[in-house]
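Observations on chain architecture
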Amino acid sequence: MKSSFVTLLMGALVARMMECPLYRCGGSVGESAVCAVWTSEGMNMSTCNERDLACRLPSGMEQEGLCVKKTSLPSVLPGEYCENLAQCLHGGKCTNNKCEGKKINESCKIDEECDVEMYCGGGKCKHANDTDCGGDVKCVSNKLCYEGKCHLMGQLDNGADSEVPGLCKSYYVLNKKCAPGPRLTHSRECPKDGKCKYSDGSVQLCLCGKTPTGKKFCPPGKGEIDVSKFLSYLSSDKRQKCHIRGNPLCRGGENIKNSELDYLHAYTAYIEVTEPGATFETTECTRNSFFTRYYDCLLYTSPSPRDRTRSRMPSSACKKKKKKKKTKK
């Protein structure tokens, strides 16, 4: 009897551990007020009530998130949008709303100190290469290193030799060749067995979403994500030079105002590539808290097709809010 009770208890604990955390939103708060707090079930959040405020999420279970001025959030790489000096990493300058890093041959310790299209080598800032390379960080920001050469992203057709998905138009590699990406064989809803099945025979476990109900979902297959707008933007004359450690879709200064719709389309595709299903059935409050750069021009960290270790989302992907037209009475 005792062993049966222990088994049931352990089963309940395991089931609880396998459940998704709940992300609940309610109300709005002002500057310096608590906007996020962890609970035993997940996170309770509130919306910051001013456009220039953002919720600085808690980094630990025992901490609280506070509404702070967006301009007080640092960690903007050279080439990205800034509003004041404090936002720029490693003492960079904020000039014409763009962070500037150290210039060629200035002393450095890490890549992030150097300006756009540069890396730190031998203690000095050096220009990234456009041709030869010894790694992605030595290529300019819209190219990847493959077999010792820098290649423009997304240029290879299906069937071309490649071990790097980012070089393929399909953004997918199979048996060292560019290939059409797999697709889900069912809806995005998580099956009862918790396994997502794809057209290439692969299986992946359902992922937790950031929803108020703890709902799980299946991430889309690579063949379901339209990356064409993201890749075409990288090779267009609208692209600005970015930091090699950042996102190839960075934007700063005057570029933030130009070609807004084209940039937004490219950025949306990039989100799907790097964070498939990240915003699946989330509430507006949760999106604004966790994916603020996507929705309102703030910082958000995410994997990058260039930097396999860590990277930053573009400094601005501002989705302009439409003004309501006044109706005549």
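Along each chain, the written sequence defines residue order, and numbers are assigned to residues from 1. Given that this is a predicted model, residues contribute local features only at a pLDDT of at least 70 and side-chain atom pairs are listed and counted only at 80 or more, while totals for whole chains, interfaces and linings are drawn from all residues. The basis for every side-chain value is the complete set of non-hydrogen atoms in the structure, without hydrogens or water.

**Focus: the overall build of the protein chain**
Across its full length, the protein chain carries 5 helices and 17 strands. Per-residue accessibility, obtained with a 1.4 Å probe over protein chains only, is compared with the maximum for each type, and a residue is labelled buried under 20%, exposed over 50%, and partly exposed between these values. Looking at the 329 residues of the protein chain, the share that counts as buried comes to 44%. The contact rule is simple, with two residues in contact once any of their heavy atoms fall within 4.5 Å. Residue pairs in contact within the protein chain that sit at least 24 positions apart in sequence constitute 42% of those at least 6 positions apart. Secondary structure elements follow DSSP: runs of H or I of four or more residues count as helices, runs of E of two or more count as strands, with numbering from the N terminus.

**Thoughts on the nonpolar core**
For this analysis, a nonpolar core means a set of buried residues of the types Ala, Val, Leu, Ile, Met, Phe, Trp, Tyr and Cys, connected via side-chain atoms within 4.5 Å. Formed by 19 residues in total, the largest nonpolar core has its most connected members in Met-153, Tyr-171, Val-227, Phe-230, Leu-231, Leu-234 and Leu-249. Among the elements of the structure, β10 (143-146), α2 (228-234) and α3 (260-274) are those that each provide at least two residues to this core. At 6 residues, the largest contribution of residues to this core is made by α3. Contact partners of Phe-230, with chain neighbours within four places excluded, come to Met-153, Tyr-171, Pro-248, Leu-249, Ala-266, Ala-269 and Tyr-270. With 12 residues, the next largest nonpolar core counts Cys-35, Ala-36, Cys-55 and Cys-67 among its residues.

**A look at the side chain of Glu-117**
Here Glu-117 lies in the loop between β7 (98-100) and β8 (118-121). Each polar contact in these results corresponds to two N or O atoms within 3.5 Å; when the atoms are within protein, one needs to be able to donate a hydrogen and the other to accept it, and residues that are neighboring in sequence are counted only if both atoms are side-chain atoms. From its side chain, Glu-117 meets the backbone nitrogen of Ser-141 in a polar contact 2.8 Å long.

**Re the state of the cysteines**
The definition used for a disulfide is geometric: two cysteine sulfur atoms within 2.5 Å. Taken as a whole, this structure holds 12 disulfides when the rule is applied. Paired by a disulfide, Cys-20 and Cys-208 hold their sulfur atoms 2.1 Å apart. Around the S-S axis, the bridge from Cys-20 to Cys-208 shows a dihedral of about -85° and counts as left-handed. A residue pair is termed long-range when its members are at least 10 positions apart, and Cys-20 in the loop between α1 (2-18) and β1 (22-29) and Cys-208 in strand β16 (residues 207-208) qualify at 188 residues. Residue classification places Cys-208 among the partly exposed residues on the basis of a relative accessible area of 37%.

**What about the sheet that holds β1?**
Read across the sheet, 5 strands follow the order β1-β3-β2-β5-β4 without closing on themselves; strand pairing throughout is mixed. Only two strands of the sheet have a single neighbouring strand rather than two, namely β1 and β4 (53-56). On average, each strand axis in the sheet is inclined to that of its neighbour by 20°, with strand direction left out of account. At least two bridges found by DSSP between two strands is the condition for calling them paired. Note: β1 against strand β3 (residues 42-48), 6 bridges, orientation parallel. Across the sheet, Tyr-23 pairs through a bridge with Met-43, a residue of β3. Axes here mean lines fitted to C-alpha atoms, for a helix over just the part in contact, with angles spanning 0 to 180 degrees between N-to-C directions.

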